[in-house]
Amino acid sequence: MKSITKMLPALGLVLGATMAMAMNFADPMPDQVYARDPSNPSQFIDVTEWEPGVDYNCNATGDCLYDAPNGNVIQSGTFTEL
């Protein structure tokens with residue numbers, strides 16, 4: 001019985017850390033979205049206010065949308081303006 005009571009603080013810490021990690025949800029979509037400019041692929045354009053399917057499409061393969069210029073890819077496909 002003594003060994004279990006000695007382990008309770010450590011078990012409480014493990015349980016607390018597990019709950020903290022379980023409640024930490026990632027933001028599924030960043031605040032700003034960027035795409036490579038089709039006419040100048042070395043430049044990025046801000047498409048945050050653009051509407052998918054109305055202003056642009058992400059077709060086929062490749063990297064379509066980024067979370068920042070030269071940032072992480074958040075949607076795959078080929079960016080095409082409509």
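The structure contained in this document is the topic of the report that follows. (Residues numbered from 1 in each chain as written. Predicted model: local features only at pLDDT ≥ 70, side-chain atom pairs only at ≥ 80, totals over all residues. Heavy atoms only, no water.)

Let's talk about the state of the cysteines
Here is the rule: When the sulfur atoms of two cysteines come within 2.5 Å, that pair is taken as a disulfide.
Under the defined criterion, the tally for this structure stands at one disulfide. Between the sulfur of cysteine 58 and that of cysteine 64 lies a disulfide, 1.8 Å long from S to S. Taking the torsion about the sulfur-sulfur bond, which here is approximately -70 degrees, the covalent link between cysteine 58 and cysteine 64 counts as left-handed.

Considering the packing of aromatic side chains
Spelled out, the test is: What counts as a ring pair is set by centres within 6.5 Å for rings of Phe, Tyr and Trp (its six-membered ring), and what kind of pair is set by the plane angle: stacked under 30 degrees, edge-to-face over 60, tilted for all other angles. Numbering goes from the N terminus for both helices and strands, where a helix is a DSSP run of H or I of at least four residues and a strand is a run of E of at least two.
Here the structure, examined in full by the defined rule, presents four aromatic pairs. Ring centres of phenylalanine 44 and tyrosine 66 lie 5.2 Å apart, and the angle between their planes is 90 degrees; on these two criteria the pair is classed as edge-to-face. With a gap of 22 residues between them, phenylalanine 44 in strand β2 (residues 40-46) and tyrosine 66 in strand β3 (residues 56-66) connect regions that are remote in the sequence. Between tryptophan 50 and tyrosine 56 the ring centres are 6.5 Å apart and the planes differ by 45 degrees, which places this aromatic pair in the tilted class. An aromatic cluster of at least three residues, connected via ring pairs, comprises Trp50, Tyr56 and Phe79.

Structural measurements only, silent on function.
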